[in-house]
Amino acid sequence: GAVVSQHPSRVICKSGTSVKIECRSLDFQATTMFWYRQFPKQSLMLMATSNEGSKATYEQGVEKDKFLINHASLTLSTLTVTSAHPEDSSFYICSARYSLEAFFGQGTRLTVV
Amino acid sequence: KQEVTQIPAALSVPEGENLVLNCSFTDSAIYNLQWFRQDPGKGLTSLLLIQSSQREQTSGRLNASLDKSSGRSTLYIAASQPGDSATYLCAVRRPTDKLIFGTGTRLQVFP
């Protein structure tokens, strides 16, 4: 199957700083990528849809200025958590669709201290 | 609004048992349904994809069925092994291209 790579897998940052998470499709081009957030023992919550060359589409209740998404190329989307606070600590996962199937990155565990 | 529910929420079985995990969805207007596996602290691994026009898909010891009219899908795991222990998630893809995830089933297979 297709491979989606996410980096970093873990990051710890201080409150007030910004953190960038990268999502790459390694062996296919993805015009659309998806960013999810997952709380402990809960399912995935879609945050936004990242579109190559245009603005991301955010789900209701997701702060656009807090979670900046850039999809500058057909193989790379980035999620930047700006001015992070402890409540932003979570597991973030990206996804891209290849043919009819969705493939996911390994996830990023963000801890804000 | 599409809602996806999985039953049971948790399951603990001895090695060798055949298992059935259930997934139900409220809106039958779906493109496809996908089953995933998630290990603790990891991303999702795609297991099976069923198109809305299909009834079932098989891969090794896994078999997934889809009854779109009744809003149900089942994942059958034959001869379970400790390595099958994980959380299993089903997700339906809507015409808007979004995946709607179920609540998940945490499976533990003990030797």
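Note: the structure precedes this text.
Now for a quick tour of the structure. The shown structure was predicted, so the numbers you read here are calculated from the model rather than taken from an experiment.

We now examine the nonpolar core. Soluble globular proteins tend to pack their nonpolar side chains together in the buried interior. Phe67(A) and Leu110(A) are the most contacted members of the largest nonpolar core, which totals 27 residues. Sorting the residues of this core by element identifies β2 (10-13), β3 (19-25), β4 (32-38), β5 (44-51), β7 (67-73), β8 (76-81), β9 (90-98) and β11 (108-112) of chain A as the ones contributing at least two each. Ile30(B), Leu47(B), Leu66(B) and Cys90(B) belong to the second largest nonpolar core, which has 23 residues in total.

It is worth spelling out the pairing of strand β5 (residues 44-51) of chain B at this point. All names here are of chain B. Of all the eight residues making up β5, six are buried; the element is thus mostly covered by neighbouring parts of the structure. Two strands pair when backbone bridges link them, and strand β4 (residues 32-38) and β5 are joined in this way by seven bridges, in the antiparallel orientation. Across the sheet, the residue bridging to Asn32 is Gln51, located in β5. As consecutive antiparallel partners, β4 and β5 are separated by five residues, and within that stretch Gly41 has a phi angle of approximately 70°, a positive value.

This part takes up the sheet that holds β3(A). Residues and elements named next belong to chain A. On the basis of which strands lie adjacent, the open sheet formed by four strands has the order β1-β3-β8-β7 and antiparallel pairing. Each edge of the open sheet is held by one strand with a lone partner, namely β1 (4-7) and β7. If you compare each strand with its neighbour and ignore which way they point, the axes differ by 15° on average. The pairing of β1 with β3 spans four bridges and is classified as antiparallel.

The final tally for this structure, using the stated rule, is two disulfides over all chains. Disulfide partner of Cys23(A): Cys94(A), at an S-S distance of 2.0 Å. Between Cys23(A) and Cys94(A) the disulfide shows an S-S torsion of about 80°. By sign, it is right-handed. Taken together, the residues span a long stretch of sequence, with Cys23(A) in strand β3 and Cys94(A) in strand β9 at a distance of 71 residues. Assigned by exposure class, Cys23(A) and Cys94(A) land together as buried. With a sulfur-sulfur separation of 2.0 Å, Cys23(B) is cross-linked through a disulfide to Cys90(B). On the S-S bond that ties Cys23(B) to Cys90(B), the torsion sits near 75°, and the link is right-handed. Linking Cys23(B) in strand β3 (residues 19-25) with Cys90(B) in strand β9 (residues 86-93), this pair joins segments that are 67 residues apart in sequence. Relative accessible area serves as the criterion here: at 2%, Cys23(B) is assigned to the buried category. Residue Cys90(B) is classed as buried on the basis of its relative accessible area of 0%. Here Cys13(A) is not disulfide-linked; the sulfur of Cys94(A) is the nearest cysteine sulfur, at 18 Å. Cys13(A) gets classed as buried once you look at its relative accessible area, which sits at 9%.

Conventions adopted
- Residues numbered from 1 in each chain as written.
- Chains lettered and ligands numbered in written order.
- Predicted model: local features only at pLDDT ≥ 70, side-chain atom pairs only at ≥ 80, totals over all residues.
- Heavy atoms only, no water.
- Core = buried A, V, L, I, M, F, W, Y, C linked by side-chain atoms within 4.5 Å.
- Buried < 20%, exposed > 50% of the residue type's maximum accessible area, 1.4 Å probe, protein only.
- Helix = DSSP H or I, 4+ residues; strand = E, 2+ residues; numbered from the N terminus.
- Pairing = 2+ DSSP bridges.
- Axes fitted to C-alpha atoms, helices over the stretch in contact; angles between N-to-C directions.
- Disulfide = S-S within 2.5 Å.

Just distances and angles here, no functional claims.
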